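Residue-level structural notes
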Amino acid sequence: MDLLNKITIGVMPAIPKPVVGKVASRYISGPKLTDAVKKVKLLSSKGAVATIDLLGEFSDNPDHATAAAKTYIEILDTIQNEKLNANVSVKPTHIGLKTGYDFCKELITSIVEHAHKLGNFVRIDMEDHTCTDDTLRLYWEIHEKYRNVGVVLQAYLYRTIKDIQPLMEMKANIRLCKGIYVEPRQIAYKHRINVINNYALLLRELLKARCYVGIATHCEEVIWHARRIIYELDLKPDEYEFQMLLGVEDELREILINEGHKMRVYVPFGEEWYAYSTRRLKENPSVAGYIVRDFLNL
Ligand SMILES: Cc1cc2nc3c(=O)[nH]c(=O)nc-3n(C[C@H](O)[C@H](O)[C@H](O)COP(=O)(O)OP(=O)(O)OC[C@H]3O[C@@H](n4cnc5c(N)ncnc54)[C@H](O)[C@@H]3O)c2cc1C
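Presented here is a report on the structure given in the accompanying data block. (Residues numbered from 1 in each chain as written. Predicted model: local features only at pLDDT ≥ 70, side-chain atom pairs only at ≥ 80, totals over all residues. Heavy atoms only, no water.)

Quick look at the overall build of the chain now. The secondary structure content of the chain amounts to 12 helices and eight strands. Expressed as a percentage of its 298 residues, the buried residues of the chain come to 53%. Sequence-distant contacts, at least 24 apart, represent 75% of the contacts inside the chain between residues at least 6 apart. Summed over all atoms, the accessible surface of the chain reaches about 14,400 Å², with 55% contributed by carbon and sulfur. (Helix = DSSP H or I, 4+ residues; strand = E, 2+ residues; numbered from the N terminus. Buried < 20%, exposed > 50% of the residue type's maximum accessible area, 1.4 Å probe, protein only. Contact = heavy atoms within 4.5 Å. Areas by Shrake-Rupley, 256 points an atom, 1.4 Å probe, with all protein chains shown as cover.)

Next up, the structure:
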């Protein structure tokens with residue numbers, strides 16, 4: 001952990017909530033669904049589509065999970081009514097995975113079923129390694145009945161090269177990211193260059209198998225590999241998309257859009273913005289470093 005990250009984590013509890021709110025407002029659309037809707041419309045005017053995420057995770061309260069699932073139904077209805085070019089992203093631990101697998105599966109299935117009726121799509125986010133098996137199983141089991149569902153894979157995990165094998169056969173819809181959780185060396189690449197190389201390897205395999213891939217990254221090296229692979233495989237812009245987080249690397253986002261690539265932006269909203277922001281920063285100090293560097297224009 002570099003010094004700037006350490007300092008940021010150390011002083012975080014002393015930072016007043018409004019100041020955290022000011023920083024977070026760049027990365028989170030706001031507390032309400034209407035805030036997300038405004039952001040999606042703004043992104044749309046800049047040529048990007050969106051995926052809407054209701055903030056929350058690692059809850060073991062079944063009532064919260066049920067309420068979150070209900071809100072996702074409202075989000076899907078709003079997307080339909082407002083004619084937004086957006087889908088939704090859900091975190092299994094927000095929708096009851098810590099209460100029980102079957103409970104979570106029932107709730108996520110209800111969201112996917114509703115999205116199916118509306119012609120929309122649900123992405124199941126990937127969380128830390130304690131959730132990987134269950135999340136892939138959720139995807140497999142829900143996908144047996146509904147095709148409007150996709151999952152996320154993390155390039156930092158050694159296991160991912162094996163996980164993609166059956167997913168390639170079924171031409172699964174995958175978001176590929178580096179992975180945001182701090183995982184042990186026993187299961188994950190720790191060196192940046194290894195994560196980038198593994199990302200390029202996985203991306204090439206998935207695209208060669210004609211999986212639709214959401215290339216979720218702001219990393220220039222990964223984007224270079226993606227451009228090269230897209231060129232080598234002669235892919236058309238409707239065979240993949242780039243994805244970025246709200247408020248991160250807006251300039252690079254614009255460059256990719258202007259090159260003719262489809263771009264989807266992850267738009268989080270929700271009342272839990274403070275808990276989410278501080279937890280994410282504590283979990284992964286490098287995120288704190290990025291934010292402070294950006295804020296100070298370093
Ligand atoms: C659309 C989308 C969905 C994602 N879904 C998941 C998921 O389901 N599971 C999961 O584990 N991870 C997810 N991630 C996070 C991902 O795994 C990485 O942690 C994150 O994208 C940073 O990796 P990078 O490829 O951008 O490369 P990095 O080398 O980490 O970042 C490249 C540059 O982007 C900027 N940057 C990157 N992240 C941030 C940030 N958070 N705040 C400010 N600046 C930043 C910095 O300037 C940095 O130098 C998602 C990312 C995206 C874009």
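All right, on to the sheet that holds strand β3 (residues 122-124) then. Here eight strands make up a closed barrel; going around it, the order is β1-β2-β3-β4-β5-β6-β7-β8 and the pairing parallel. Taken over all neighbouring pairs, the strand axes of this sheet differ in orientation by 30° on average, direction set aside. Relative to β3, strand β2 (residues 86-90) runs parallel, the two sharing three bridges. Across the sheet, the residue bridging to Val88 is Val122, located in β3. (Pairing = 2+ DSSP bridges. Axes fitted to C-alpha atoms, helices over the stretch in contact; angles between N-to-C directions.)

One pass over the full model with this rule turns up 18 salt bridges. Its salt-bridge partner being Lys236, residue Asp234 comes within 3.4 Å of it at the nearest N-O pair. With a relative accessible area of 53%, Asp234 lands in the exposed category. Owing to a relative accessible area of 42%, Lys236 belongs among the partly exposed residues under this scheme. Through salt bridges with shared partners, one network takes in Lys91, Asp125 and Arg175. (Salt bridge = Lys/Arg side-chain N within 4 Å of Asp/Glu carboxyl O.)

In this fold, Arg264 is placed in strand β8 (residues 263-269). Exposure remark for Arg264: the relative accessible area of 9% places this residue in the buried category. Not counting the four nearest positions on each side in its chain, Arg264 is found in contact with Val49, Ala50, Thr51, Ala86, Asn87, Glu241, Phe242, Gln243 and Met244.

Another aspect to go through is the nonpolar core. In terms of nonpolar packing, the biggest core is built from 80 residues, with Ile75, Ile95, Ile108, Leu203, Ile215 and Phe242 touching the most fellow members. Apart from the residues within four sequence positions on either side, Ile215 is in contact with Leu176, Tyr199, Leu203, Ala226, Ile230, Tyr240, Glu241, Phe242 and Gln243. (Core = buried A, V, L, I, M, F, W, Y, C linked by side-chain atoms within 4.5 Å.)

Okay, the pairing of strand β1 (residues 49-54) next. Of all six residues that make up β1, six are buried, and the element is covered over most of its length. Judged by which residues are buried, β1 turns out to be covered on both faces: Val49, Thr51 and Asp53 on one side and Ala50, Ile52 and Leu54 on the other are all buried. The sheet contact formed by β1 and β2 spans four bridges and is parallel. Counterpart to Thr51 in the pairing with β2 is Asn87.

For helix α2 (residues 17-24), the set of buried residues is Val20, Gly21, Val23 and Ala24. With its buried residues spanning 165° around the axis, α2 presents them on a single face. Residues Pro18 and Lys22 are exposed on α2 and point more than 90 degrees away from its buried face. (Arc of directions from axis to C-beta.)

With that out of the way, let us pick up helix α5 (residues 101-118). For α5, built from 18 residues, the straight-helix expectation of 26 Å at 1.5 Å per residue is met to within 8% by its first-to-last C-alpha distance of 26 Å. Of all the residues in α5, the buried ones are Tyr101, Cys104, Leu107, Ile108, Ile111, Val112, His114 and Ala115. Mapping the buried residues of α5 onto a view down its axis gives an arc of 165°, with all of them on the same face. The exposed residues of α5 that point more than 90 degrees off its buried face are Asp102, Glu106 and Lys117. Those residues of α5 hidden inside the fold are in contact with α4 (62-81), β2, β3, α6 (132-145) and β4 (149-154). Once α5 ends, the next one or two residues include Gly119, with phi positive near 70°. (Expected span 1.5 Å × (residues − 1).)

Right, let's get into the packing of aromatic side chains. Scanning the entire structure with this criterion turns up three aromatic pairs. Judged by centre distance (4.7 Å) and plane angle (80°), the rings of Tyr158 and Tyr189 are edge-to-face. Highlighted residues: Tyr158 in the loop between β4 and α7 (160-169) and Tyr189 in the loop between β5 (173-177) and α8 (192-208), separated in sequence by 31 residues. Classification of Tyr189 by relative accessible area gives partly exposed; the value is 29%. (Phe/Tyr/Trp six-rings, centres within 6.5 Å; stacked < 30°, edge-to-face > 60°.)

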